[in-house]
Every structure is written in C-alpha cells, then in structure tokens.
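What follows is the residue order along each chain.
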Amino acid sequence: MTAQIFLIAPADADLATFAPILEGALASVPVSALFLPRGSRGENAYKDFVKVAAPIAQAEGCAVLIEGEPGWVRTLGADGLHVLGSGKALPTARAAVSALKPQLIVGAGPAASRHDAMTLGELDIDYVFFGPLEGDLPAEARDMATWWSETMEVPAVLSDPQADGETADASGCEFLAVGESVWKAPQGAAIALSQIAQRLESF
C-alpha cells in the first residue's frame, strides 16, 4: 500500500505569493488532504486565507482541512476540521465529531502518547495525527505512529515536515504529512512534491 500525501501549508504564508505555488504543487501529483494552519493570523485573515486556498485544492480533488471552530468548516466551504492537541483536545474533538460527522472529516493530534492516541481514536475521528507540524520528526513519534498503524483501524497520519525525495518514509502509515521541505525546496514545490510521491511509490 502506497502512503497518501497529506500536505501542510506554511503557517503564515503570504496569500498572493502562496496561491500560485500551491496550485502548481497540487497539479503535480495527487494529494489527499491539505491542512491550512492558522498560524498567527487573526480570525478574519485566516478565513480570507481559507477562502482562497480551499478552492485551489478542491479543484485538484484534494480535501481541505482547517483549524478553528467546527462551524467554520461549512461556512468556509472546507472539507473538515483538524483539532490540534492531544489529551486536552478531547472535548474539542468530541464536539467536532458531533457537529460534523459523518458528512465532513474530523482528525486530531499530534498525539502525545499511546493513551491519548487511543482515547482520540475512540471518538470516531477519521485519522490520528503523529509528529510535529514543523521541524524534525522525533523518533518516538515515528515509532508511535508505526505502532498505531499496525494495531488500530483508524488511519494514521505520520508528519515529517522535513521529509524530501530521499528521506520520505511513511513507516507503514496510511498518510505521510509533509510541508516545510516542499515549500522551501530550491527546485520548487511542484518538483519537490513529485519527488516525495515517487519515493513513496517505491516502498
């Protein structure tokens, strides 16, 4: 089974600059999901960002996940909500499942422990997220994601923001989340993403 790509947008990308880069990247290879972090944006600025970025992704058959209030998902035309956090995110994740499922997607994480992952997974969410949104992937998070994918039915998203065409490895998980290496690649985001996809297909 080839892992699917879960793409993380830059947290504070300039909208005018980012939109054409995103369009080119998503046209290069199939991407299952795009997560749009809020970063330091205020509510209105974040909503404006989603309103521009979401249709670009959806035109390529890519599901768009946002953060924030469950009600924003329908208002902004997104496909689902990513609830950030682990144990403390349980009430928010539970409320999101109640408000959005089964029509829309709900995922949560990064899970900080096996216990938190199992508790999140019991909420009927669509995936559990392991690893950071930015920076290096700790070995412990990779090991936990592998354990989850081998033992649980809820899909795992392993996040390795620095993964590239030479290092990308989903470790048996259904999804590999990438981001920083794609947007900062000297060869451009579209080529970087294509290289990651080719490596994942080689496993």
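In short, a report on the structure. A quick note: this is a predicted structure, and the numbers were derived from the prediction, not measured.

What follows covers the overall build of the protein. Counting its regular elements, the protein contains eight helices and eight strands. Each of the three principal axes of the protein carries a C-alpha extent, and together these read 40 × 40 × 25 Å. In the protein, which comprises 203 residues, the share counted as buried stands at 54%. Across the protein, the fraction of contacts at a sequence separation of at least 24, relative to all contacts at a separation of at least 6, is 63%. Accessible area of the protein: about 8900 Å², with a carbon and sulfur share of 52%. Side chains of the protein carry 12 positive and 26 negative charges; the gap between the two charge centres is 7 Å.

This brings us to the pattern of salt bridges. Scanning the entire structure with this criterion turns up three salt bridges. Close ionic contact of K47 with E43 constitutes a salt bridge, the shortest N to O distance being 2.8 Å. One end of the pair is K47 and the other is E43, both in helix α2 (residues 43-58) and four residues apart, which spans about a single turn. Its relative accessible area of 18% is what places K47 among the buried residues. A salt bridge links K101 to D126; the shortest N-O distance between them is 2.8 Å. Of the two residues, K101 is situated in the loop between α4 (90-100) and β5 (105-109) and D126 in the loop between α5 (114-121) and β6 (127-130); the sequence distance between them amounts to 25 residues. Judged by relative accessible area, which is 26%, D126 ranks as partly exposed.

Strand order in the closed barrel formed by eight strands is β1-β2-β3-β4-β5-β6-β7-β8, and the pairing between neighbours is parallel. Strand-to-strand twist of the sheet, defined as the mean angle between neighbouring strand axes without regard to direction, takes the value 25°. The sheet contact formed by strand β7 (residues 156-159) and strand β8 (residues 175-178) spans three bridges and is parallel. When the sheet's bridge partners are listed, S159 is paired in β8 with A177. In this fold helix α6 (residues 139-151) packs onto β6 and β7, with an angle of close to 160° to the strand it touches most, β7.

The next subject is the pairing of strand β2 (residues 33-36). Sheet faces and side chains relate simply in a regular strand, where the side chains alternate between the two faces. The alternating pattern of β2 places A33 and F35 on one face and L34 and L36 on the opposite face, and all of these are buried. As paired strands, strand β1 (residues 4-8) and β2 are joined by three bridges and run parallel to one another. For L7, the partnering residue across the bridge sits in β2 and is L34. Of the crossover connections in this fold, the one passing from β1 over helix α1 (residues 15-28) to the parallel β2 is right-handed. Considered for its hand, the β-α-β crossover made up of β2, α2 and strand β3 (residues 63-66) is right-handed.

Moving on, we get to the side chain of D116. Along the chain, the position of D116 falls in helix α5. Although D116 is buried, it forms no salt bridge, and the closest oppositely charged side chain is K88 at an N-O distance of 9.9 Å. A distance of 3.2 Å separates the side chain of D116 from the backbone nitrogen of G87, its partner in a polar contact. In this structure D116 touches S86 and G87, once residues within four positions along its chain are discounted.

Applying the stated rule across the entire model yields seven aromatic pairs. Ring centres of F130 and W148 lie 6.0 Å apart, and the angle between their planes is 50°; on these two criteria the pair is classed as tilted. One end of the pair, F130, is in strand β6; the other, W148, is in helix α6, and 18 residues separate them in sequence. Given a relative accessible area of 2%, W148 falls into the buried group. Grouping aromatic residues by their ring pairs yields a cluster made of F6, Y127 and F129. Positioned over the ring face of F49 is R41, at 3.8 Å from the centre of the ring.

So, on to α2. Working note: α-helix, 3.6 residues per turn, so residues spaced by three or four point in the same direction. The terminal C-alpha atoms of α2, which comprises 16 residues, lie 22 Å apart, in line with the 22 Å expected from a rise of 1.5 Å per residue. When α2 is considered as a whole, its buried residues turn out to be Y46, K47, F49, V50, A53, A54, I56 and A57. Where α2 is buried, its residues contact α1, β2, β3 and α3 (70-75).

Procedures and definitions
Residue numbers restart at each chain and count upward from 1, following the sequence in its written direction. Whole-chain, interface and lining totals are the exception, using all residues; otherwise, since this is a predicted model, local features are given only for residues with pLDDT of at least 70 and side-chain atom pairs are given and counted only at 80 or more. Note: side-chain values were computed over all heavy atoms of the structure, leaving out hydrogens and water. A run of DSSP states H or I qualifies as a helix once it reaches four residues; a run of E qualifies as a strand once it reaches two. Both are numbered from the N-terminal end. Residue exposure (1.4 Å probe, protein chains only): buried if accessible area is under 20% of the type maximum, exposed if over 50%, otherwise partly exposed. Any two residues whose heavy atoms approach within 4.5 Å are treated as being in contact. Residue-level accessible areas treat just the shown protein chains as cover; the underlying method is Shrake-Rupley with a 1.4 Å probe. A positive count includes Lys and Arg, and a negative count includes Asp and Glu. His and the chain ends are not counted in either. Here the site of a charge means atom NZ of a Lys, CZ of an Arg, CG of an Asp or CD of a Glu. Put simply, a salt bridge is a Lys or Arg side-chain nitrogen that is within 4 Å of an Asp or Glu carboxyl oxygen. Strands pair, by our definition, only if DSSP identifies at least two bridges between them. Each axis is a line fitted through C-alpha atoms, and for a helix only the stretch in contact is used; angles between axes span 0 to 180 degrees, taken between their N-to-C directions. Classification remark: right-handed applies to a crossover when, strands pointing away from the viewer, the course from the first strand over the helix to the second runs clockwise. Any N or O atom pair separated by 3.5 Å or less is treated as a polar contact, with the protein-specific requirement of one donor-capable and one acceptor-capable atom, and with residues adjacent in sequence counted only for side-chain atom pairs. In this analysis, rings of Phe, Tyr and Trp, with Trp reduced to its six-membered ring, are considered paired at centre separations within 6.5 Å, and the interplanar angle assigns stacked below 30 degrees, edge-to-face beyond 60, and tilted for intermediate values. Our definition puts a charge over a ring when NZ of Lys or CZ of Arg is within 6 Å of the ring centre and also within 35 degrees of the ring normal. By this rule, a helix spans an expected 1.5 Å times one less than how many residues it contains.

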